[in-house]
Amino acid sequence: MTARPDTLDPADYESAKRMVQSEDPAVRRKVAEHPKTRPELLYFLAADAAAEVRRAIATNAGTPRQADLLLAKDREVMVRRAVAQKIARLLPELSADQATQIERLTVECLETLARDQASEVRGILAEALKDLPNAPHGLINRLARDVELSVCAPVLQHSQILTEEDLTDIILRGPVRGAMTAIASRQNVTASVADAIARSDDEAAVTTLLGNPSAQIREETLDRILDQAPQHEPWHSPLVRRPRLPARAVARLASFVADSLLKVLQDRDDLEPEAARGLVEAVRRRVGQAAGATTGLPQGPVDFGEAAAVAAGPEKPVERPSDKAARLNKEGKLTEKLIEGSMIEGDRGFVMAAFAELAQIPLPVVDRIVATHAPRAVTALVWRAGLTMRFARQVQLRLAQIPPKTALNARDGTHYPMTDEEMRWQLEFFGVEAKA
């Protein structure tokens, strides 16, 4: 009795030949997916009428390249996707010698898949090739210029096959939205590529470039970015954190970034002496502007209850916070305990006036220091006022609204964590000169 095809062993060549003639696709698929099926049978089944059989051929590692090439042009996406997935698994396992000697049919198969109308097929290929050191340059270049971000982004960000000329040309031709950001994320972006990104007016890409510490950005390129930076808030944070900032860039940043980022600049310990001096001068000018020292900005003193006292008139005399602070100080009653009680009660105007009186600093400058929410600057203010580090911690939390996790703690329980010189330097940012 002749055995039914579905009971035959596909590992046996004669049995397999009978099975491929079966009208049942499930029987033919058994041959298509068996690892020991002979190449000629696999090639024969690559043209099978059933898509599930062709898909099995596409997944079989033993399928000859001639069959893979046929399947790479298959009418069914699932079949083409299976070929791409198989090649994606095989390529990373190739040795350097094998990769440089990929046979012609394999390259042709890869190029066919790179032109596939389904972006998911091209995306599978891009993911497989993005880290391959010896991938065909033409193939990588095609994928890098793909119209779908899911295809071009992996190659643009990771492939070392792309040359500086390739990347610059892609940028100049205006790639798909998001592709420029992928280029800006590359390891070791060259100066020429960085310059091309900076000229692109792509806000997201420039933001990523500035945040990439391995990107090489020339000083003239940085100047061009700084020219536009005041109108691009997302650039500010990565700019103030760029390594090796030139002195001119530091001074320019200090003129327009938010107070919280000004604090980041202030706390950097890697600035060159010239950059540090420029930063001090820039902050002094900014403080002067905030106090109404320059034209075109609001003039007059900062109101911490002072105006209300004047408005009350002679019939209802109300002592101004600054007068009260001066009087109490003269009487020897302007103590830490008194200021702490006022702070707890929410009398911000008097607390600020008390610091101005004790530290001998103009009230608008005291306000500016507190408004930075910078732990070091606020702590230096309390030190200048001659009060304890214990109280400085409370001032950081209550008056300056600094989060507990970032507030400075006392050294050894009672001492200031910074040296006197460091605290004087902090105050110099606000134009406060050392006491005589």
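For the structure, check the block above.
These lines cover the structure that appears in this document, whether it is placed above or below. If you're wondering where the values come from, they're calculated on a predicted model, not measured in any experiment.

Calculation rules
Residues numbered from 1 in each chain as written. Predicted model: local features only at pLDDT ≥ 70, side-chain atom pairs only at ≥ 80, totals over all residues. Heavy atoms only, no water. Axes fitted to C-alpha atoms, helices over the stretch in contact; angles between N-to-C directions. Helix = DSSP H or I, 4+ residues; strand = E, 2+ residues; numbered from the N terminus. Parallel < 35°, antiparallel > 145°, perpendicular 65-115°, else oblique. Left-handed = near helix turned anticlockwise from the far one by under 90°. Contact = heavy atoms within 4.5 Å. Phe/Tyr/Trp six-rings, centres within 6.5 Å; stacked < 30°, edge-to-face > 60°. Buried < 20%, exposed > 50% of the residue type's maximum accessible area, 1.4 Å probe, protein only. Salt bridge = Lys/Arg side-chain N within 4 Å of Asp/Glu carboxyl O.

**A few points about the packing of helix H26 (residues 375–384) against helix H27 (residues 389–399)**
Across the interface, H26 lies against H27 with an axial gap of 9 Å and an inter-helix angle of 135 degrees. Put simply, H26 runs oblique to H27. Like other packed secondary-structure pairs, H26 and H27 cross with a definite hand, here right-handed. Between H26 and H27, the residues in contact are Pro375, Val378, Thr379 and Val382 and Met389, Phe391, Ala392, Val395 and Gln396, respectively.

**Notes on unusual backbone geometry**
A positive phi is found at Asn188, a non-glycine position, where the angle reads about 60 degrees. Positionally, Asn188 belongs in the loop between helix H13 (179–184) and helix H14 (191–198). Its identity as a non-glycine residue notwithstanding, Gln401 has a phi of 55 degrees, on the positive side. For Gln401, the location among the structural elements is in the loop between H27 and helix H28 (420–428).

**Brief notes about the environment of Leu110**
Within the secondary structure, Leu110 sits in helix H8 (residues 104–114). Spatially, the C-alpha atom of Leu110 lies 7.6 Å from that of Leu139, the residues being 29 residues apart in sequence.

**Some points on the packing of aromatic side chains**
Per the counting criterion, the structure on display carries 2 aromatic pairs. An angle of 20 degrees between the planes, with centres 6.3 Å apart, marks the rings of Phe355 and Phe391 as stacked. Separated by 36 residues along the polypeptide, Phe355 in helix H24 (residues 348–359) and Phe391 in helix H27 bring together distant segments of the chain. There is no split in this pair, since Phe355 and Phe391 are both buried.

**What about the pattern of salt bridges?**
Enumeration over the complete set of coordinates arrives at 29 salt bridges. Of the charged contacts, one joins Arg199 and Asp195 as a salt bridge, the two residues approaching to 2.9 Å between their closest N and O atoms. Here Asp195 falls in the buried class, since its relative accessible area comes to 14%. The salt bridge involving Arg327 is made with Glu319; its shortest N-O contact spans 2.8 Å. Note on Arg327: relative accessible area 33%, which makes it partly exposed. Judged by its relative accessible area of 38%, Glu319 is partly exposed.

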